[in-house]
Amino acid sequence: MLVRSMIWLPVLLTLGCTAARRDFPSDNPELPFNKAVLVGDTLYVSGHLGIDAETGKPPADAAIEARMMLDAFAATMARANMTMDDLVQVQVSCSDLSLYKTFNDVYRQSFEETFPTRAFLAAPTLLKGCRYEIIGIAVQR
Amino acid sequence: MLVRSMIWLPVLLTLGCTAARRDFPSDNPELPFNKAVLVGDTLYVSGHLGIDAETGKPPADAAIEARMMLDAFAATMARANMTMDDLVQVQVSCSDLSLYKTFNDVYRQSFEETFPTRAFLAAPTLLKGCRYEIIGIAVQR
Amino acid sequence: MLVRSMIWLPVLLTLGCTAARRDFPSDNPELPFNKAVLVGDTLYVSGHLGIDAETGKPPADAAIEARMMLDAFAATMARANMTMDDLVQVQVSCSDLSLYKTFNDVYRQSFEETFPTRAFLAAPTLLKGCRYEIIGIAVQR
């Protein structure tokens, strides 16, 4: 019986390491992307914007826009049972680099214990007239 | 014998999970990047453009440029026995965000079953006067 | 005893494949990001700039700026016992695409055996008036 168990070892190893995939669809099925894709313990998260649900536009205040965007991003991650602390890399695109400090002050509050790596890049413009877009990769801790 | 088998378990685990690397070189050996790098079951793909092979420039039509770019991207992935459906995250840079719908209509046709996560970002300009550039990460399904 | 060993197999498999995380903090604890995060054998590296330590600004010469940036990037990777050859994907943002060849000539010298995949993208502007920013993912070879 033990010998037979050992025969299954390579299979178990393969199953243990091969990444099963789970997709988290977009709210709008017309859009050609998933909001998040989990493979193994790694979660890939789509670009998120800070949009006011009532107006469909970014709010007037830049700090509130950052908060809305990060909350939407965290909500997507929560669907995969992850928190912002699980992020390992994010890229923030920003239409106005003078918002760097404003963004950082809001951003810091989204994390409990640690931060991911980050690039903070200027974009000439963003979809829907937003000031920021964030995309990321997380690994379950 | 069984005891001896158990001794190899940590080694097997390490081998099973450590990522072997395979590089897929660029057509032009002068260029300092690989077109794709496979590590374990994860494929990293370089930025691709939509260039007309005859002229060396992007085609006049924006939809045809998107098609050329995505076909070139899929061809690189095929070298690693992957399809667009294996993508988990892409970033599309676009020199003109008003092409969002045009791009999506072409993009959608490259996928059979599901989509990766995506960021769609404006770029002030792109190499060779292109309208789009795409980079991505895929995991063998 | 052997039977009891087999019971631990799933646990060992999980431990073997689950990614332990190690953070490499930024020099400035005020900044909300880690310079690098290692999970399993994958290293995520933050955006790096080419800043002259004496002036706090990018040097006048574009090639020297590229060298400073890549050396800073390699130094961060070295903290995780990795070299530039372990990179699998980088994104270079550049405020002036006419620097493409200048950048490539410097970039090439940072690698011994092989190159990562790469996107080379224009940015309208970069933090601290820099010409380049680089972000990347590496996997221990």
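These figures come from a predicted structure and were not determined experimentally.

Considerations on the overall build of chain A
And then number 1: Tallying secondary structure elements over chain A gives four helices and six strands in all.
And then number 2: Start at the N end of chain A and walk to the C end: the helices and strands fall as α-α-β-β-β-α-β-α-β-β.
And then number 3: Taken over 141 residues, chain A has a buried fraction of 53%.
And then number 4: Of the roughly 6300 Å² of accessible surface on chain A, 56% is carried by carbon and sulfur atoms.

Observations regarding the confidence of the model for chain A
And then number 1: In the predicted model, chain A carries a mean pLDDT of 91, and 87% of its residues have values of at least 70.
And then number 2: Reported confidences for the modelled complex are a pTM of 0.90 and an ipTM of 0.88.

Some points on the state of the cysteines
And then number 1: Under the counting rule described, the total for this entry stands at zero disulfides over all chains.
And then number 2: Looking at C94 of chain A, it has no disulfide partner, and the nearest cysteine sulfur is the one in C130 of chain A, 11 Å off.

Thoughts on the pairing of strand 6 (residues 132-139) of chain B
All names here are of chain B.
And then number 1: Counting buried positions along strand 6 yields eight of eight residues, so the element is predominantly enclosed.
And then number 2: Neither face of strand 6 is open: one carries Y132, I134, G136 and A138, the other E133, I135, I137 and V139, and all of them are buried.
And then number 3: In the sheet, strand 3 (residues 42-48) pairs with strand 6 via five bridges, with the strands oriented antiparallel. From the neighbouring strand, H48 faces strand 6, where its bridge partner is I134.
And then number 4: Sheet topology places strand 4 (residues 87-94) next to strand 6; seven bridges connect them, and they run antiparallel. In the strand pairing of strand 6, S93 is matched with E133.

Cut-offs applied
Residues numbered from 1 in each chain as written. Chains lettered and ligands numbered in written order. Predicted model: local features only at pLDDT ≥ 70, side-chain atom pairs only at ≥ 80, totals over all residues. Heavy atoms only, no water. Helix = DSSP H or I, 4+ residues; strand = E, 2+ residues; numbered from the N terminus. Buried < 20%, exposed > 50% of the residue type's maximum accessible area, 1.4 Å probe, protein only. Areas by Shrake-Rupley, 256 points an atom, 1.4 Å probe, with all protein chains shown as cover. pLDDT = per-residue confidence, 0-100. Disulfide = S-S within 2.5 Å. Pairing = 2+ DSSP bridges.

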